[in-house]
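Spelled out from the first residue to the last, the chains are:
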Amino acid sequence: MARITIIETGQVPQKYREQHGSFPDMFERMVRAEDPTATVDVVSIPNGDALPDPSKLEAVLITGAAAGVYDGLDWIAPLEDFVRTAYANKTPMVGVCFGHQLIAQALGGTVQKSEKGWGIGRHVYQVLPENGVVEGEAVAIAASHQDQVVEPPIDALTILSSEFTPHAGLLYANGTTLTVQPHPEFDVGFAQVCCELRDGKAPEDVVATARESLAEPMDSAKLGGAITRFLARRAAP
């Protein structure tokens, strides 16, 4: 039975929270779809919760956020220290979107706002063969981001990639750290909300194409299941 500590780094706008839940709610649904016996704890940075000692945790999942990892907010450096300690301890750890970027930055990678603009809607990512975590040749997952990991840490292997997001999934050399840029926790309804939130911020044709793309099948359950199984791993002695 997995016990996963979700680090909430951003919040769903209040307008949408009643219908869709918080980001931890979405991840809890994702995890329980694969493992109904999993236990989920939440540490909410926006609510002022203190970061726990990662050496005392069984597994960690860091959520998305509206913030940029390079914004210099007062909670980012302590979270990077948390990541480095968890990495050294081989605590099973996953980061999604902001979490993907934060872990990369904490471990020596580079994150920037992409010149390609907003990545929203259904994106298809090529899967590195025989990576040991994600099966198949490609996965289609909802995305919502401007920032990207442009230079992965030297300890990171790119296992998901696309023309728009070359480093969309990273598997780290310690064997217990995995990060992804897209959002397997999003259902189609909330992916549509993310498109709505880009009205007036992203070009109209980008938003329209993104909305239409969400009618196509997605592999959220496949990637969510892979993440849940990964978090259930125990570090080698």
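- Per an unreviewed UniProt entry, the protein carries the name GMP synthase-like glutamine amidotransferase and comes from Bradyrhizobium japonicum.

1. Focus: the overall build of the protein
So, point 1. A count of helices and strands for the protein gives seven helices and 11 strands.
So, point 2. Taken against the 2.2 N^0.38 rule, which gives 18 Å for 237 residues, the C-alpha radius of gyration of the protein at 16 Å falls within 12% of a compact globule.
So, point 3. Partitioning the contacts of the protein with sequence separation of at least 6, the portion at a separation of at least 24 is 71%.
So, point 4. Distance from the positive charge centre (18 side chains) to the negative charge centre (31 side chains) of the protein: 3 Å.

2. Thoughts on the pairing of strand E4 (residues 93–96)
So, point 1. A two-sided burial pattern is seen for E4, the buried positions comprising Met 93 and Gly 95 on one face and Val 94 and Val 96 on the other.
So, point 2. In terms of strand pairing, strand E3 (residues 60–62) meets E4 through three bridges, oriented parallel. When the sheet's bridge partners are listed, Ile 62 is paired in E4 with Gly 95.
So, point 3. Read as a crossover between parallel neighbours, the route from E3 over helix H3 (residues 76–89) to E4 is right-handed.
So, point 4. One ladder, built from four bridges, connects E4 with strand E11 (residues 177–180); its direction is parallel. In the strand pairing of E11, Gly 95 is matched with Thr 179.

3. Points about the sheet that holds strand E7 (residues 138–145)
Whenever strands of a sheet pair, they do so through backbone hydrogen bonds, lying parallel or antiparallel.
So, point 1. With mixed pairing, nine strands are arranged side by side in an open sheet as E2-E1-E3-E4-E11-E10-E9-E6-E7. Single-partner strands in this sheet number two, and they are strand E2 (39–44) and E7. On average, each strand axis in the sheet is inclined to that of its neighbour by 25°, with strand direction left out of account.
So, point 2. The sheet contact formed by strand E9 (residues 156–161) and strand E10 (residues 169–172) spans four bridges and is antiparallel. Across the sheet, residue Thr 158 finds its bridge partner in E10, namely Leu 170.

4. Notes on the packing of helix H2 (residues 23–34) against helix H7 (residues 220–231)
So, point 1. Running from N to C, H2 and H7 point in directions that differ by 80°, and their axes come no closer than 8 Å. Compared by their axis directions, H2 and H7 come out roughly perpendicular. Together, Met 30, Val 31 and Glu 34 of H2 and Gly 224, Gly 225, Ile 227, Thr 228 and Arg 229 of H7 make up the contact between the two elements.
So, point 2. Per-class residue counts for the contact of H2 with H7 are three nonpolar, three polar and two charged.

5. Comments concerning the packing of helix H5 (residues 188–197) against helix H6 (residues 204–213)
So, point 1. Remark: H5 packs on H6, axes separated minimally by 9 Å, with the N-to-C direction vectors making an angle of 175°. Comparing the axis directions of H5 and H6 gives the class roughly antiparallel. From H5, Gln 192, Cys 195 and Glu 196 reach across to H6, where they touch Val 207, Ala 210 and Arg 211.
So, point 2. In the contact of H5 with H6, the residues fall into three nonpolar, one polar and two charged.

6. Focus: the nonpolar core
So, point 1. Ranked by size, the top nonpolar core spans 31 residues in total, and within it Ile 4, Leu 61, Val 94, Val 134, Leu 160, Leu 178 and Ile 227 carry the most contacts.
So, point 2. Secondary structure elements with two or more residues in this core: strand E1 (3–8), H2, E4, strand E6 (119–127), E7, E9, E11 and H7.
So, point 3. Top element by residues in this core is H7. It accounts for five residues.
So, point 4. Listed in part, the 26 residues of the second largest apolar core include Val 43, Trp 75, Ala 104 and Tyr 172.

Reading guide: rules and limits
- Residues numbered from 1 in each chain as written.
- Predicted model: local features only at pLDDT ≥ 70, side-chain atom pairs only at ≥ 80, totals over all residues.
- Heavy atoms only, no water.
- Helix = DSSP H or I, 4+ residues; strand = E, 2+ residues; numbered from the N terminus.
- Rg over C-alpha atoms; globule rule 2.2 N^0.38 Å.
- Contact = heavy atoms within 4.5 Å.
- Lys, Arg positive; Asp, Glu negative; His and termini not counted.
- Charge placed at Lys NZ, Arg CZ, Asp CG, Glu CD.
- Buried < 20%, exposed > 50% of the residue type's maximum accessible area, 1.4 Å probe, protein only.
- Pairing = 2+ DSSP bridges.
- Right-handed = clockwise from strand over helix to strand, strands pointing away.
- Axes fitted to C-alpha atoms, helices over the stretch in contact; angles between N-to-C directions.
- Parallel < 35°, antiparallel > 145°, perpendicular 65-115°, else oblique.
- Nonpolar A, V, L, I, M, F, W, Y, C, P; charged D, E, K, R; others polar.
- Core = buried A, V, L, I, M, F, W, Y, C linked by side-chain atoms within 4.5 Å.

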